[in-house]
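Summary of structural features
Residues per chain, in single letters:
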Amino acid sequence: MSNQQATDISLLLLRFAFGGLMVINHGWGKLEKLLAEGPIKFGDPIGLGAEVSLGLAVFSEVVCSILLVVGLFTRWASVPALITMLVAAFIVHAGDSIRDRESALLFGTVYLVILLMGPGRYSLDGWWDRRRMI
């Protein structure tokens, strides 16, 4: 296996694991909360209101994470995901221990790596790039 193949497979695994876990463990519950009847109970860490904050979190944790999993608009999708994790780590959990911020920091680190490296060959973006070269 070449270094490039190993890199492409590694990026695929990062996208699947971190994008998938974000949707399942964090985003899906927020999406249900957003779609539920009644008043929205959610934090307002950046002063936009609870409903807007929840909507932005759902966009990042569900929509952008799904885009990361399939590797579509990958670099663009990693930006809101990274911003959301930075807000979680340094605003929402600012007074908490590093242990309580660990998850957001780990997810944020992976999103930064994906932003810098791109999706790799095994992605819809990679497929599209190869098709344009034909």
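This report concerns the structure included in the present document. (Residues numbered from 1 in each chain as written. Predicted model: local features only at pLDDT ≥ 70, side-chain atom pairs only at ≥ 80, totals over all residues. Heavy atoms only, no water.)

**Considering a nonpolar patch on the surface**
- On the surface, a cluster of nonpolar side chains totalling about 700 Å² of accessible area is made up of Ile46, Leu48, Val52, Leu56, Leu86, Phe90, Ile91 and Val92.
- Contributions of two or more residues to the nonpolar patch are made by α2 (50-70) and α3 (74-92).
- Element by element, the count of residues in the nonpolar patch is highest for α3, at four residues.
- Mapped onto the elements, Phe90 comes out in helix α3.
- Among the residues examined, Phe90 registers a relative accessible area of 48% and is labelled partly exposed. (Patch = residues over 30% accessible without salt bridge, like charges linked within 9 Å, V, L, I, M, F, W, Y side chains within 5 Å. Areas by Shrake-Rupley, 256 points an atom, 1.4 Å probe, with all protein chains shown as cover. Salt bridge = Lys/Arg side-chain N within 4 Å of Asp/Glu carboxyl O. Helix = DSSP H or I, 4+ residues; strand = E, 2+ residues; numbered from the N terminus. Buried < 20%, exposed > 50% of the residue type's maximum accessible area, 1.4 Å probe, protein only.)

**Some details on the nonpolar core**
- In terms of nonpolar packing, the biggest core is built from 14 residues, with Met22, Leu68, Met85, Ala104, Phe107 and Tyr111 touching the most fellow members.
- Broken down by secondary-structure element, the contributors of at least two residues to this core are α2, α3 and α4 (98-117).
- No other element matches the six residues that α3 contributes to this core. (Core = buried A, V, L, I, M, F, W, Y, C linked by side-chain atoms within 4.5 Å.)

**Things to note about the packing of aromatic side chains**
- Per the counting criterion, the structure on display carries three aromatic pairs.
- A centroid spacing of 5.2 Å and a plane angle of 80° characterise the contact between Phe18 and Phe107, whose relative ring orientation is edge-to-face. Residue Phe18 is found in helix α1 (residues 3-35), and its partner Phe107 is found in helix α4; the two are separated by 89 residues along the sequence.
- Since its relative accessible area comes to 22%, Phe18 is described here as partly exposed.
- With centroids separated by 6.2 Å and ring planes inclined at 50°, the aromatic side chains of Trp127 and Trp128 adopt a geometry described as tilted.
- Accessibility expressed as a relative area gives 48% for Trp128, which makes it partly exposed.
- Here a set of aromatic residues connected by ring pairs shows up, and it is made of Phe18, Phe107 and Tyr111. (Phe/Tyr/Trp six-rings, centres within 6.5 Å; stacked < 30°, edge-to-face > 60°.)

**Things to note about unusual backbone geometry**
- Located in the positive-phi region is Phe73, a residue other than glycine, with phi close to 50°.
- Inspection of the secondary structure puts Phe73 in the loop between α2 and α3.

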